[in-house]
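# Notes for the structure review
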Amino acid sequence: MKLGIVGLPNVGKSTLFNALTNAGAQSANYAFCTIEPNVGVVPVPDERLDRLAEMYHPAKITPATVEFVDIAGLVKGASKGEGLGNKFLANIREVDAIVHVVRCFENDDIIHVEGSIDPVRDIETINLELILSDIEILERRIDRDTKAMKGDKSLARSVDFFKRLKAELDSGKCARAVTVDEEEAEWMRSVALLTAKPVIYACNFCEADFSSGSVENNPRYQAVKAIADAEGSEVLPICAELEAQIADLPADEKEMFLADLGVQKGGLDLLIQRSYNLLGLMSYLTAGEPEVRAWTIKKGTKAPQAAGKIHSDFERGFIRAEVVSFDDLMACGSMTVAREKGLVRSEGKEYVMQDGDVVLFRFNV
């Protein structure tokens, strides 16, 4: 999973990226501090791996990972190349989902490019640039397919859809907010629009506001939530400065620090959790003495394709999957007891994997 962190300059993108990845990306109080995208690979927090490790004592524990890309601040005119905009738009095109950092904090020492704090305006600024880029892509596709229609009348329906989609974008609506059926969704995927990508709006608050326990009643948060609800996006209150302060703490100290502030989970845990939900992802688990590991798959994935995540031979020569739910395994205390109780199931090619399945794949090639 590859998440692109975007936003206007000086909203806290690089501070958040540094806190999440400990990658040490440059962060400073001027626009375009980030020019080349910084990349950090982060393990997905999963307590189930620790529990399985206590049972199997493996030589290695391998969590699933998320790749964060810190993309430079966009500005008005990015779609026309302002502020090296074309390059930044190309970086956004390569990610699975967008973490749009929106500034909700006041700080006279950190300059806002627009001179004031207004998260709705900032979201509209970014979205407009992405929409303008998408309109150019649609215009080229419509022009190409219209010419091709002379020899292939079957393109008429998709061309009509692209014209309708362009009209929606012209009105200021993002592609992800447009209602489409399955066939139209397939056509939309074929043009890889920036505004069709799933989005999490990360509302970046100061520590005082964030730890007050009333962030969700904050008018700025409510304004962003209204936008997110309208387009089917996620919204997450976060404090990048706080995340930076606790980034290097051991897990137990981090939990104590957050608990003292009345915060249940750190920003990374919540951000990954929301990202998984947004992209329809889940994890299945494999366990043994050599390794305990989490594997990320799409919800609805069948057993052979899940096996293919480990190795293509597993999918090609799939025989069956021996499956037990994580909760059942923990309740039994061992795989042996789980087998004795009939909780280890033998599943075939049509089995749809479930989150937390602990699996042993049988295959022959």
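Residues numbered from 1 in each chain as written. Predicted model: local features only at pLDDT ≥ 70, side-chain atom pairs only at ≥ 80, totals over all residues. Heavy atoms only, no water.

### Digging into the environment of Thr65
The following threshold applies: Helix numbering and strand numbering both begin at the N terminus, where a helix is a DSSP run of H or I of at least 4 residues and a strand a DSSP run of E of at least 2. Only protein chains enter the calculation, and the probe is 1.4 Å; a residue is then buried if its accessible area is under 20% of its type maximum, exposed if over 50%, and partly exposed in between. We call two residues in contact when some of their heavy atoms are within 4.5 Å.
As for its position among the elements, Thr65 is in strand E4 (residues 65-70). Taking relative accessible area as the criterion, Thr65 reaches 41% and is therefore assigned partly exposed. Measuring from C-alpha to C-alpha, the distance between Thr65 and Val42 comes to 5.4 Å, with 23 residues separating the pair along the chain. Thr65 has contacts with Met1, Val41, Val42, Pro43 and Val44, leaving out every residue within four places of it along the chain.

### Side note on the layout of surface pockets
Put simply, the rule is: For cavity detection a 1 Å grid was placed over the protein atoms alone, and a set of points counts as a cavity when a 1.4 Å probe fits there but cannot get out; an open set counts as a pocket when protein lies on both sides within 12 Å along at least five of seven lines, with lining residues being those that have an atom within 4 Å of a point. Grid points are joined across faces, edges and corners, and a volume is the space filled by probe spheres set on the points. Under the grouping applied here, Gly and all other residues not named as nonpolar or charged are polar, the nonpolar ones being Ala, Val, Leu, Ile, Met, Phe, Trp, Tyr, Cys and Pro and the charged ones Asp, Glu, Lys and Arg.
Reported here for the largest pocket is a volume of approximately 1,200 Å³. Taken together, 38 residues make up the lining of the largest pocket; nearest its centre are Val44, Pro45, Asp46, Glu47 and Asp269. Elements represented by at least two residues in the lining of the largest pocket include exactly helix H1 (13-21), strand E2 (38-43), helix H2 (47-56), helix H9 (240-246), helix H10 (251-260), helix H11 (267-279) and strand E8 (281-287). For the lining of the largest pocket, the residue count by class is 20 nonpolar, 7 polar and 11 charged.

### Observations regarding the state of the cysteines
The condition that has to hold: The disulfide criterion used throughout: a pair of cysteine sulfur atoms within 2.5 Å.
The tally for this structure, following the rule as stated, stands at 0 disulfides. Cysteine Cys104 is unpaired, with the sulfur of Cys203 as its nearest cysteine sulfur at 4.3 Å. Given the relative accessible area of 0%, Cys203 is considered buried.

### Focus: the pairing of strand E7 (residues 234-238)
Regular strands place their side chains on alternate faces of the sheet. Convention followed: Here, any two strands with at least 2 DSSP bridges between them count as paired.
Counting buried positions over the 5 residues of E7 gives 4, a clear majority of the element. Where strand E6 (residues 199-204) meets E7, 5 bridges bridge the pair, whose relative direction is parallel. The partner of Asn204 across the bridge, within E7, is Ile238.

### Description of the pairing of E4
As defined by bridge partners, strand E1 (residues 2-6) adjoins E4 across 4 bridges and the pair is classed as parallel. Paired with Gly4 across the strands is Val69, a residue of E4. As paired strands, E2 and E4 are joined by 6 bridges and run antiparallel to one another. Note that in E4 the partner of Pro43 across the bridge is Thr65.

### Considerations on the confidence of the model for the chain
This is how the line gets drawn: Looking at any residue, its pLDDT shows the predictor's confidence there, from 0 to 100.
Counting all residues, the mean pLDDT for the chain is 86, and 88% of those residues have values of 70 or more. Low pLDDT, under 50, characterises residues 23-35; the predicted model gives this stretch 34 contacts beyond four residues in sequence or across chains.

### Focus on the side chain of Ser14
Worth spelling out the cut-off: In protein, a polar contact requires one atom able to donate a hydrogen and another able to accept it; more generally it is a pair of N or O atoms within 3.5 Å, and residues adjacent in sequence count only if both atoms are side-chain atoms.
Secondary-structure assignment places Ser14 in helix H1. The buried category is assigned to Ser14, whose relative accessible area is 8%. Here Asp70 takes part through its side chain, which lies 2.7 Å from a polar atom of the side chain of Ser14.

### What about the nonpolar core?
Threshold: Each nonpolar core is a collection of buried residues, namely Ala, Val, Leu, Ile, Met, Phe, Trp, Tyr and Cys, held together in the definition by side-chain atoms within 4.5 Å.
Within the largest apolar cluster, 70 residues are counted, with the highest numbers of intra-cluster contacts made by Leu52, Phe68, Ile92, Tyr201 and Leu329. When residues no more than four places from it in sequence are discounted, the contact partners of Phe68 are Leu3, Ile5, Phe17, Leu20, Thr21, Asn38, Val39, Gly40, Val42, Leu268 and Leu271. Judged by nonpolar contacts, the second largest core, of 17 residues, contains Ile131, Ile137, Leu138 and Trp187.

### Points about helix H8 (residues 219-231)
Just so we agree on the cut-off: Every helix has an expected span of 1.5 Å times one less than the residues it contains. In this description, the arc belongs to the directions extending from the helix axis to the C-beta atoms.
With 13 residues, H8 extends 19 Å between its outermost C-alpha atoms, agreeing within 8% with the 18 Å of an ideal straight helix rising 1.5 Å per residue. When H8 is considered as a whole, its buried residues turn out to be Tyr221, Val224, Ile227, Ala228 and Glu231. Viewed along the axis of H8, the buried residues span an arc of 125°, placing them on a single side of the element. Exposed and facing more than 90 degrees away from the buried side of H8 are Pro219 and Ala230. With a side-chain oxygen lying 2.8 Å from the backbone nitrogen of Arg220, the N-terminal cap of H8 falls on Asn218. Directly after H8, the chain includes Gly232, whose backbone phi takes a positive value near 75°.

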